[in-house]
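Here is what each chain is made of, one letter per residue.
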Amino acid sequence: MTPVYITANFAWHEVTDSYTATRLGFDNSLPASLRNNARLMADRMQGARDHLSAKAGHDCPMPISSWFRCARLNRHFRSSDKSDHRIAAATDSTCPAFGSAFEVATELAANMDWLGFGQVIYEGSWVHLGLYEEKNPINKILTIDWPAEWRGRPRTRVGILEH
């Protein structure tokens, strides 16, 4: 089947594609009421891709590992019920043609206001981009990692910081 694109480079199937949901038998279909959020997020992701591509001087695809998450999928990942993934307003992605996740997070955080993102989180091997600005400004630009001494609990720090 030919993909139906929301923008030049982001297709509708990417909003709901989830290996984990498929494996666990979860219905990760996007409710019609969230289509506008998905469209807006796709526009912002397209802007991010275009920016990274222009900066690099070549095309820089941004594979999406997570976008919309149904409640069951979101809970499986132990994510908050208030996560923007629940409303199709957040993505987890990489951009290997541009650089490491750290380099991508650093570049997007420096340009997040004009790109229209409310949140940039560097999570080690991927970058979380949120559409809506957090009520607490300290949550705008973060690094989340899982140091061994924290025994599997995530550590959250303000800013884009190398691990």
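Conventions we followed
- Residues numbered from 1 in each chain as written.
- Predicted model: local features only at pLDDT ≥ 70, side-chain atom pairs only at ≥ 80, totals over all residues.
- Heavy atoms only, no water.
- Helix = DSSP H or I, 4+ residues; strand = E, 2+ residues; numbered from the N terminus.
- Rg over C-alpha atoms; globule rule 2.2 N^0.38 Å.
- Buried < 20%, exposed > 50% of the residue type's maximum accessible area, 1.4 Å probe, protein only.
- Pairing = 2+ DSSP bridges.
- Axes fitted to C-alpha atoms, helices over the stretch in contact; angles between N-to-C directions.
- Contact = heavy atoms within 4.5 Å.
- Salt bridge = Lys/Arg side-chain N within 4 Å of Asp/Glu carboxyl O.
- Parallel < 35°, antiparallel > 145°, perpendicular 65-115°, else oblique.
- Nonpolar A, V, L, I, M, F, W, Y, C, P; charged D, E, K, R; others polar.

**Q** Before we go on, may I ask you to explain the overall build of the protein in this structure?
**A** In terms of helices and strands, the protein carries 6 helices and 6 strands. For the protein, the succession of helices and strands along the chain, N to C, is α-α-α-β-α-β-α-α-β-β-β-β. In terms of overall dimensions, the protein is globule-like: its C-alpha atoms have a radius of gyration of 15 Å, near the 15 Å expected for 163 residues. For the C-alpha atoms alone, the extent of the protein along its principal axes is close to 40 × 40 × 30 Å. Buried positions account for 47% of the 163 residues belonging to the protein.

**Q** Teacher, can you tell me more about the sheet that holds strand β1 (residues 64-66) here?
**A** Strand pairing in a sheet relies on backbone hydrogen bonds, with the paired strands running either antiparallel or parallel. Ordered by their spatial adjacency, 6 strands build an open sheet running β1-β2-β4-β3-β5-β6, and the pairing between neighbours is mixed. Each end of this open sheet is capped by a strand with a single partner; those strands are β1 and β6 (155-158). If you compare each strand with its neighbour and ignore which way they point, the axes differ by 30° on average. Here strand β3 (residues 119-122) runs beside strand β4 (residues 127-130); their pairing, made up of 4 bridges, is antiparallel. Bridging from a neighbouring strand, Val120 pairs with Leu129 of β4. Running over the sheet, helix α5 (residues 101-110) touches β3, β4 and β5 (141-145) and is turned about 160° from β3.

**Q** What am I meant to see in the environment of His76 here?
**A** Along the polypeptide, His76 turns up in helix α4 (residues 71-76). In this structure, the C-alpha to C-alpha distance between His76 and Gly116, residues 40 residues apart in sequence, is 29 Å. Each residue touching His76, except ones within four places of it in the same chain, is listed here: Thr20, Arg23, Leu24 and Phe26.

**Q** Can you help me understand α5 in this one?
**A** Looking at α5, one finds that the buried residues are Ala101, Val104, Ala105, Glu107, Leu108 and Ala109. Tucked inside the fold, the buried residues of α5 contact α3 (35-56), α6 (112-115), β3, β4 and β5.

**Q** Which parts of the structure should I look at to understand the pairing of β4?
**A** Regular strands show a simple pattern: their side chains alternate between the two faces of the sheet. Residue alternation in β4 divides its side chains into two sets, Val127 and Leu129 and His128 and Gly130, and both sets are buried. Two elements, strand β2 (residues 90-93) and β4, share 4 bridges in a ladder whose sense is antiparallel. Considered in β4, the bridge of Thr91 is made with Leu129.

**Q** For this particular structure, what's the right way to read the pattern of salt bridges?
**A** A side chain of one charge can pair with a side chain of the opposite charge when the charged atoms of the two come close. Inspection of the entire model under this criterion finds 7 salt bridges. As a salt-bridge pair, Arg69 and Asp92 come within 3.2 Å of each other at their nearest N and O atoms. Residue Arg69 is located in the loop between β1 and α4, and its partner Asp92 is located in strand β2; the two are separated by 23 residues in the primary sequence. Look at Arg69 and you get buried, because its relative accessible area is 7%.

**Q** Please clarify how unusual backbone geometry should be interpreted in this entry.
**A** Positive phi is not limited to glycine here, since Arg78 has a value of about 60°. Its place among the elements puts Arg78 in the loop between α4 and β2. We note that Ala88 has phi near 60°; this positive angle belongs to a residue other than glycine. Assessed through its relative accessible area of 0%, Ala88 is described here as buried.

**Q** What is the right way to read the packing of α3 against α5 from this model?
**A** How two helices pack is summed up by the angle between their axes together with the distance between the axes. Where α3 meets α5, the axes come as close as 11 Å, and the angle between the chain directions of the two elements is 110°. Of the possible angle classes, the one that applies to α3 and α5 is roughly perpendicular. Contacts between α3 and α5 involve Ala48, His51, Leu52 and Lys55 from the former and Val104, Glu107 and Leu108 from the latter. Of the residues contributing to the contact of α3 with α5, the split by class is 4 nonpolar, 1 polar and 2 charged.

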